[in-house]
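What follows is the residue order along each chain.
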Amino acid sequence: MDQQILMRNFLLFLMIAAACLGCDPLAGPVSGRISFSADTISFDTVFSGMGSATLELRVSNPENDPLLIERIWLGGGTASPFRLNIDGEAVTEASDVVIARDDSIFIFIEVTIDPTGGDLPVAVTDSVNFLSGNFGGRVILEAWGQDIRIVDEDILSDAIWAEGKPYLINGSLFIDTVATLTLDPGTRVYMHYGSSVTVAGSLRANGTPDKRIIFATDRLEEEYADIPGRWKGLKFLGCSRGNVLSHAGIRNAEIAVEVDGRPGSVPDITLNSTMLMHNSVASLVARNAEIFAVNSLFAHSGFSTVSLAEGGSYEFVHCTINNRWEYSHRSEPALHITPGEGVMPAVSVFNSVISGNLTDELQIETSQAMAAQWFRADSSFIKVDTLTASWFSSLLFRDVLTTPDPRFIDEYAWDFRPDTLSPLLDCAGRSKASLYQYDIRNMPRPYYAGPDMGAYERQAGEKRKEKEE
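What comes next concerns the included structure. Remember, it's a predicted structure, so these values are computed and weren't measured experimentally.

### Quick notes on the overall build of the protein
Then, in step 1: Secondary structure summary: the protein contains four helices and 39 strands in total.
Then, in step 2: Taking 469 residues into account, the globule formula puts the C-alpha radius of gyration at 23 Å, and the protein, at 30 Å, lies well above it.
Then, in step 3: Dimensions of the protein, computed from the C-alpha atoms along their principal axes, are close to 110 × 50 × 45 Å.
Then, in step 4: Among the 469 residues that make up the protein, the fraction classed as buried is 49%.
Then, in step 5: The contacts of the protein with a sequence gap of at least 6 include a subset with a gap of at least 24, amounting to 62%.
Then, in step 6: Carbon and sulfur atoms make up 52% of the accessible area of the protein, which totals about 21700 Å².
Then, in step 7: A gap of 5 Å separates the mean positions of the 37 positive and 62 negative side-chain charges of the protein.

### Brief notes about the pattern of salt bridges
Then, in step 1: According to the stated counting rule, one finds 21 salt bridges in the structure shown.
Then, in step 2: Two residues, E221 and R219, come together in a salt bridge whose shortest N-O distance is 2.7 Å.
Then, in step 3: According to the relative accessible area criterion, E221 is buried, its value standing at 12%.
Then, in step 4: You can call R219 partly exposed: its relative accessible area is 26%.
Then, in step 5: For the salt bridge of R417 with E462, the shortest nitrogen-to-oxygen distance reads 3.5 Å. Here R417 is found in strand 39 (residues 415-418), whereas its partner E462 is found in the loop between helix 3 (430-433) and helix 4 (465-468), with 45 residues between them in sequence.
Then, in step 6: Relative accessible area serves as the criterion here: at 6%, R417 is assigned to the buried category.
Then, in step 7: One continuous salt-bridge network, built from bridges that share partners, spans K235, E258, D260, R262 and R287.

### Things to note about unusual backbone geometry
Then, in step 1: Residues T403 and P404 are joined by a peptide bond in cis, for which omega reads -5°.
Then, in step 2: Summarising the element assignment, P404 is placed in the loop between strand 37 (397-398) and strand 38 (408-410).
Then, in step 3: A cis geometry characterises the amide bond from R445 onward to P446, with omega recorded as -5°.
Then, in step 4: With phi around 50°, S273 is a residue other than glycine that occupies positive phi space.
Then, in step 5: Of note, S273 is situated in the loop between strand 25 (268-272) and strand 26 (275-279).
Then, in step 6: Looking at S273, the relative accessible area reads 2%, which means it is buried.
Then, in step 7: Phi at N288 is positive, roughly 45°, even though this residue is not glycine.
Then, in step 8: Assignment of secondary structure puts N288 in strand 27 (residues 282-294).

### Here we look at the sheet that holds strand 9 (residues 104-111)
Then, in step 1: The sheet built from five strands is open, its strands ordered 1-4-9-6-7 with antiparallel pairing. At either end of the open sheet lies a strand with only one pairing partner, and these are strand 1 (35-36) and strand 7 (89-91).
Then, in step 2: As defined by bridge partners, strand 6 (residues 82-86) adjoins strand 9 across five bridges and the pair is classed as antiparallel. Counterpart to F82 in the pairing with strand 9 is V111.

### Observations regarding the packing of aromatic side chains
Then, in step 1: What the rule picks out here adds up to 14 aromatic pairs.
Then, in step 2: Note on F43 and F82: the rings are 6.0 Å apart at their centroids and 45° apart in plane angle, and the pair reads as tilted. With F43 in the loop between strand 2 (40-42) and strand 3 (46-47) and F82 in strand 6, the pair connects residues that are 39 residues apart, well separated along the chain.
Then, in step 3: Residue class for F82 comes out buried when judged on its relative accessible area of 2%.
Then, in step 4: Among the aromatic residues, those joined into a ring-pair cluster are F375, W391, F392 and F397.
Then, in step 5: The ring of W73 carries the charged tip of R71 above its face, separated from the ring centre by 3.9 Å.
Then, in step 6: Taking NZ or CZ as reference, K432 lies 4.5 Å from the ring centre of F350, over its face.

### Some points on the nonpolar core
Then, in step 1: With 64 residues, the main nonpolar core has F316, F375 and F397 as its most contacted residues.
Then, in step 2: It is strand 27 that contributes the most residues to this core, five residues altogether.
Then, in step 3: In this view, F316 contacts L284, A293, F298, V306, L308, I321, V347, S348, V349, F350 and S352; residues no more than four positions away in its chain are not counted.
Then, in step 4: V46, F82, F130 and L141 belong to the second largest nonpolar core, which has 28 residues in total.

### Some words on the side chain of N322
Then, in step 1: Relative to the assigned elements, N322 resides in strand 30 (residues 320-323).
Then, in step 2: Given a relative accessible area of 1%, N322 falls into the buried group.
Then, in step 3: Looking at N322, its side chain comes within polar contact range of the side chain of S355, at 2.8 Å.
Then, in step 4: Excluding its chain neighbours within four sequence positions, the residues that come into contact with N322 are F298, A299, H300, T305, S355, G356, F408, E411 and F416.

### Observations concerning the environment of Q459
Then, in step 1: Examined against the element boundaries, Q459 turns out to sit in the loop between helix 3 and helix 4.
Then, in step 2: Among all residues touching Q459, those that are not within four sequence positions of it are R441, M443, P444, Y447 and Y448.

### Remarks on the sheet that holds strand 28 (residues 297-301)
Then, in step 1: Spatially, 12-14-17-20-23-26-28-30-33-36 is the arrangement adopted by the 10 strands of the open sheet, whose pairing is parallel. Every interior strand has two partners, whereas the edge strands, strand 12 (149-151) and strand 36 (381-382), have only one.
Then, in step 2: Alignment of strand 20 (residues 213-217) against strand 23 (residues 248-251), held across three bridges, turns out to be parallel. Bridge pairing in strand 23 places F215 opposite I250.

### Side note on the pairing of strand 24 (residues 255-260)
Then, in step 1: Within strand 24, six of the six residues are buried, leaving the element largely enclosed by the surrounding structure.
Then, in step 2: In this structure, strand 21 (residues 233-237) lies alongside strand 24, joined through four bridges in parallel fashion. Each bridged residue has a counterpart across the sheet, and for L234 the counterpart in strand 24 is V257.
Then, in step 3: Taken together, the five bridges between strand 24 and strand 27 define a ladder with parallel strand orientation. By the bridge assignment, V259 is partnered in strand 27 with A286.

Reading the values: rules and limits
- Residues numbered from 1 in each chain as written.
- Predicted model: local features only at pLDDT ≥ 70, side-chain atom pairs only at ≥ 80, totals over all residues.
- Heavy atoms only, no water.
- Helix = DSSP H or I, 4+ residues; strand = E, 2+ residues; numbered from the N terminus.
- Rg over C-alpha atoms; globule rule 2.2 N^0.38 Å.
- Buried < 20%, exposed > 50% of the residue type's maximum accessible area, 1.4 Å probe, protein only.
- Contact = heavy atoms within 4.5 Å.
- Areas by Shrake-Rupley, 256 points an atom, 1.4 Å probe, with all protein chains shown as cover.
- Lys, Arg positive; Asp, Glu negative; His and termini not counted.
- Charge placed at Lys NZ, Arg CZ, Asp CG, Glu CD.
- Salt bridge = Lys/Arg side-chain N within 4 Å of Asp/Glu carboxyl O.
- Pairing = 2+ DSSP bridges.
- Phe/Tyr/Trp six-rings, centres within 6.5 Å; stacked < 30°, edge-to-face > 60°.
- Lys NZ or Arg CZ within 6 Å of the ring centre and 35° of its normal.
- Core = buried A, V, L, I, M, F, W, Y, C linked by side-chain atoms within 4.5 Å.
- Polar contact = N/O pair within 3.5 Å; in protein donor to acceptor, adjacent residues only side chain to side chain.

Shown next as structure tokens:
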């Protein structure tokens, strides 16, 4: 009887073990084909000596049985600039990795590139290799490394930054009252998260049409190109004088350019063919300042794209001020003008565009009588409901369109060139246009019967960018 009980228990154990083995999705793995989410993992430009973003490779089992991968290894081994994380472990090689049927694993990849001492980017490559019995596979790894100049000291005397290796600002940069920082054509300045530039002296960014100057986030991946709020921005103090931003781009900030004047202290800045875009608060904020902007673009901001307050004088000629914000509800107009705690700013708008997806993209916080003294617009497109705007009077607008839509080529892709049916075509004033015969891209103005409103002059045959490629 005891032997029968033992035998029955033993058979029961074998049945349970067999059942459990049958339920194990990793049991009995075999060699087979391996599937990959990509045949090449490419990193955007990586600053030398600094780590990259982490990219992922998905390795899948297309077979009907559990798949055994005997070996996964990094081609360059420990000497490779690339690093792997396989199944939660930082390794250069892994053995006997099993993937269940219709399942996959992730390999996470990073890269650090040593400085080369050169100005130009250098390419580095390697591969992740796989072996499963008679089956194998390889995924190419590639990246571009760029040497940089890290800025960790304030500008206390005149300095010149040049084209070549980009400059990286990790924290806060201060330009002293007696100093002028000059940026030569083609200079690139990358800003680490939360960094800022404060100008008490002068900043002169002297870009050219073919060698623009940029201030942007140090995240160079394509998906970060239009991400706002990565750094604080450029702030010009009341004592700052003689500032120039010519053929420049400032993006990915909280406030791209803030000009902070006070009574008796009026800073000035000239913007020529400059783009201020993708900023979480505003592209331009000014208090009691003197600003002249021509052929410039202000777009994609969380609140007002341009905000002017507490006195000062401002002139916009052939500019495009547009706002469309996809991250949250936006209640502030593209251009906001207010006396704040001071006096009304004096604002002139010529041959320009003020538009967006709100009903009113211009707000002036004052009475009709005061607005007529301090604001004027000529030969421009301004999206506003003149019947409901309490500040509006006919004295403010001369040859100004308020409808219909300005019809840009692709506003959602930040392409503000007018299309073939745009009301902006040939409608700008000729006297101002004659002073600025080239647009923001250095294209001739006028091209057809007359100059176009805004920063862009339409050229023959222009299409959406994706159709041009």
